[in-house]
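Listed below are the residues making up each chain.
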Amino acid sequence: MKKVKEVMIDSPFYCLGRESLQLVAKQMSAANINSLPVVDKNNKVIGILGELDICMAFSDEKNYPLSDLLVENAMQREVFTCSPDDNLADALRMMRENRVGRLVVEEEETLIGIITLAQVVKKLYGTNEESMQDTGKENVLKTLYTLAENKPKEFTSVSV
């Protein structure tokens, strides 16, 4: 059975809560990353910052100057985590149950990695059926389907 550590991204990019949200957004864009774990000075995970969080913070009605916004003002404080020794099938189930596309991987409450559904697909695509037996393609597809269901049914454009 595959373990999270076999698929996770080791030493992922991360940011600190007191960093400029504008600077972190630029760095995420340049690196083509859509979310980052947020850690404290001891590398303990305190949140996660995603593209939508940034959009919401930048569109806030309070009209703060963008340069004044900090990561901690926009990040999600609820973070779903797993251990590197957890079974991949359990990690996928956790993603489905919580409707998230990524889990932060911690060891002794310290950030060591991140596992995303995209990374799982990249690692498992083209592997032989035997290595997929415990994780199962249907498990990956079921997780992807669950996340896709979470999208709004209709999008109305907004005039600026």
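I will try to describe carefully the structure that is included in this document. (Residues numbered from 1 in each chain as written. Predicted model: local features only at pLDDT ≥ 70, side-chain atom pairs only at ≥ 80, totals over all residues. Heavy atoms only, no water.)

Time to look at the sheet that holds strand β7 (residues 110-116). Pairing in this open sheet of four strands is mixed, and the strands run β1-β7-β6-β5 from one edge to the other. Two strands close off the open sheet at either side, each with one partner strand: β1 (9-10) and β5 (81-82). Two strands pair when backbone bridges link them, and β1 and β7 are joined in this way by two bridges, in the antiparallel orientation. Bridge pairing in β7 places Ile9 opposite Ile114. The strands touched by helix α4 (residues 88-98) within the sheet are β5, β6 (102-107) and β7, with β6 carrying the most contacts at an inclination of about 130 degrees. (Pairing = 2+ DSSP bridges. Helix = DSSP H or I, 4+ residues; strand = E, 2+ residues; numbered from the N terminus. Contact = heavy atoms within 4.5 Å. Axes fitted to C-alpha atoms, helices over the stretch in contact; angles between N-to-C directions.)

Looking at where Val71 falls in the secondary structure, it is placed in helix α3 (residues 71-74). Val71 gets classed as buried once you look at its relative accessible area, which sits at 0%. Apart from residues no more than four positions distant in its own chain, Val71 is found in contact with Cys15, Leu16, Gly17, Glu19, Ser20, Leu21, Val24, Val38 and Leu49. (Buried < 20%, exposed > 50% of the residue type's maximum accessible area, 1.4 Å probe, protein only.)

Attention now moves to the nonpolar core. Among the nonpolar cores identified, the biggest contains 15 residues, and Val4, Leu88, Met95, Leu103, Ile115 and Val120 are the most heavily contacted of them. Contributions of two or more residues to this core are made by α4, β6 and α5 (117-124). Element by element, the count of residues in this core is highest for α4, at four residues. Core analysis: the next-biggest nonpolar cluster, separate from the first, contains 14 residues, Leu21, Leu69, Ala74 and Met75 among them. (Core = buried A, V, L, I, M, F, W, Y, C linked by side-chain atoms within 4.5 Å.)

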